[in-house]
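Topology and contacts: notes
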Amino acid sequence: MPEIRQNIATKEWVIIASERAKRPEQFITNSRPVTADQPVLDAHCPFCPGNEEGPEFEVLRVPTTGPWQLRVLNNRYPAVEREGDPHRHSQGVERSIHAVGYHEVVVESRLHNTTSALQKDAEVAWTLLTLQKRAREMAHDSRIEHVLIFKNHGPGAGASIAHPHAQIIGLPIVPQNTRAWKRRRYFDDTGHCVHCYILAEELKAGTRIIAENAHHVALVPYAASTPFHVWLLPRRHRHSFNNVPPEEIEAMAALLRLITGKLYVGLRDPDYNFMVRSAPVHEPGRDYTHWYLTVVPRLNTTAGFGSALACASTRPCQKNVRPFAQYERLTEGLSRRR
């Protein structure tokens, strides 16, 4: 029988309908060439070596001398402007604030035809550590209330440029879905962080765990809003990504590389988004906010009903089935080829 499940962290409801479930191969809808089959350099790509945008756009590079391996750039078409003050306007139903802040792009590699699934763990770690460095610096700006860290991979996930890159935006407001009132309500009711509780229960059950290491656990949430939706949860409670030590960032990078590698092999390099979920800059919540990273493949077209109450297949979280288990051998082969 179909089941309506609630995510106790977000309070969102989803329908889990087993009769609508697809086989994993039926989710392969990507018609573009996989990343590895694209050219190493693209003459028309503004992120490729030789085509780089000018030094006026560059914020930093790794390493600081010699050929770069990673660059941080000011977005040529920013969603917010770096200069100015966040003046507010309110009159009747009209409420607004000047869109000031930061909008930067992290170019993850010199190679046009790579992605985190194909990189080494250390290369993925460079990206995460650089994102953390920029988030820390943005948080020191008194105008900034929240820092968004995300990556769009593939056109179906919103990427307009194929070259591997992530984005970071410092905002003068806190988005509504980031505010901690839902997590605070759970903490007030129980005295526990909701994500610490979820992690403990999922480890106890073991049925939705994909992979884990000493610092982090990758799992499919009980009420996953989309097929193959993955949370990468730190074992240690910290409210902010900005406070995570390097060894834990490196461990997260290894797990992220593994998960995206499984998706790359099993679903033929699907479009996906990843996002770092972290506490707002000035919002208290050390006890009830738990940072984590989420990976969301973009496999379905959402219809009207689905946009009102998200529908998901049971297959990724079916009892006694380890998600992605049938891709393990293929992923090991991918690792050997690197």
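It should be noted that the structure appears before, not after, this text.
Quick look at the structure, then.

Here is what the cut-offs are and how they apply
Residues numbered from 1 in each chain as written. Predicted model: local features only at pLDDT ≥ 70, side-chain atom pairs only at ≥ 80, totals over all residues. Heavy atoms only, no water. Helix = DSSP H or I, 4+ residues; strand = E, 2+ residues; numbered from the N terminus. Contact = heavy atoms within 4.5 Å. Areas by Shrake-Rupley, 256 points an atom, 1.4 Å probe, with all protein chains shown as cover. Buried < 20%, exposed > 50% of the residue type's maximum accessible area, 1.4 Å probe, protein only. Pairing = 2+ DSSP bridges. Axes fitted to C-alpha atoms, helices over the stretch in contact; angles between N-to-C directions. Core = buried A, V, L, I, M, F, W, Y, C linked by side-chain atoms within 4.5 Å. Salt bridge = Lys/Arg side-chain N within 4 Å of Asp/Glu carboxyl O. Patch = residues over 30% accessible without salt bridge, like charges linked within 9 Å, V, L, I, M, F, W, Y side chains within 5 Å.

1. With respect to the overall build of the chain
If you tally the helices and strands in the chain, you get 6 helices and 15 strands. Partitioning the contacts of the chain with sequence separation of at least 6, the portion at a separation of at least 24 is 70%. Roughly 16600 Å² of accessible area belongs to the chain as shown, and the carbon and sulfur atoms make up 51% of that amount.

2. Some details on the pairing of strand β4 (residues 70–74)
Moving residue by residue along a regular strand, the side chains alternate between the two faces of the sheet. Extensive coverage of β4 is indicated by the burial of 4 of its 5 residues. The pairing of strand β3 (residues 58–62) with β4 spans 4 bridges and is antiparallel. Bridge pairing links Val62 to Leu70 in β4.

3. Here's the deal with the sheet that holds strand β9 (residues 165–171)
Overall, antiparallel pairing links the 10 strands, which are arranged β3-β4-β7-β9-β8-β13-β14-β12-β11-β10 in an open sheet. Strand pairing shows two members of the sheet lacking a second neighbour, β3 and β10 (209–212), which therefore form its edges. The mean angle between the axes of side-by-side strands here comes to 15 degrees, regardless of whether they run parallel or antiparallel. Where strand β8 (residues 146–153) meets strand β13 (residues 272–277), 5 bridges bridge the pair, whose relative direction is antiparallel. Bridge assignment links Ile149 to a residue of β13, and that residue is Val276.

4. A word on unusual backbone geometry
For the peptide bond that leads from Val62 to Pro63, omega is -10 degrees, which places it in the cis range. You will see that Arg268, though not glycine, has its phi angle at about 55 degrees, which is positive. With respect to the element layout, Arg268 can be found in the loop between α4 (246–266) and β13. Of note in the backbone geometry, Asp269 takes a positive phi value of approximately 55 degrees without being a glycine. Position of Asp269 relative to the elements: it lies in the loop between α4 and β13.

5. Section: the nonpolar core
The biggest cluster of nonpolar side chains holds 41 residues, and the ones touching the most others in it are Leu128, Ile149, Leu232, Leu293 and Val295. Broken down by element, the residue count for this core peaks at 7 residues, all from α4. Leave out the neighbours within four places in its chain, and Leu232 touches Val217, Ala218, Met252, Leu255, Leu256, Ile259, Tyr292, Leu293 and Val295. Formed by 11 residues, the second largest nonpolar core is a distinct cluster that contains Tyr186, Ile198, Leu219 and Tyr292.

6. Concerning the pattern of salt bridges
One pass over the full model with this rule turns up 15 salt bridges. Note that Arg235 and Glu212 form a salt bridge whose closest N and O atoms lie 2.6 Å from each other. One end of the pair, Arg235, is in the loop between β12 (230–234) and α4; the other, Glu212, is in strand β10, and 23 residues separate them in sequence. Judged by its relative accessible area of 45%, Glu212 falls in the partly exposed class. Beyond isolated ion pairs, a larger network of salt bridges with shared partners links Arg82, Glu104, Lys133, Arg134 and Glu137.

7. A few points about a nonpolar patch on the surface
Together, Val40, Leu41 and Leu111 line one region of the surface with nonpolar side chains, adding up to about 250 Å² of accessible area. By secondary structure assignment, the location of Val40 is in the loop between β2 (13–16) and β3.

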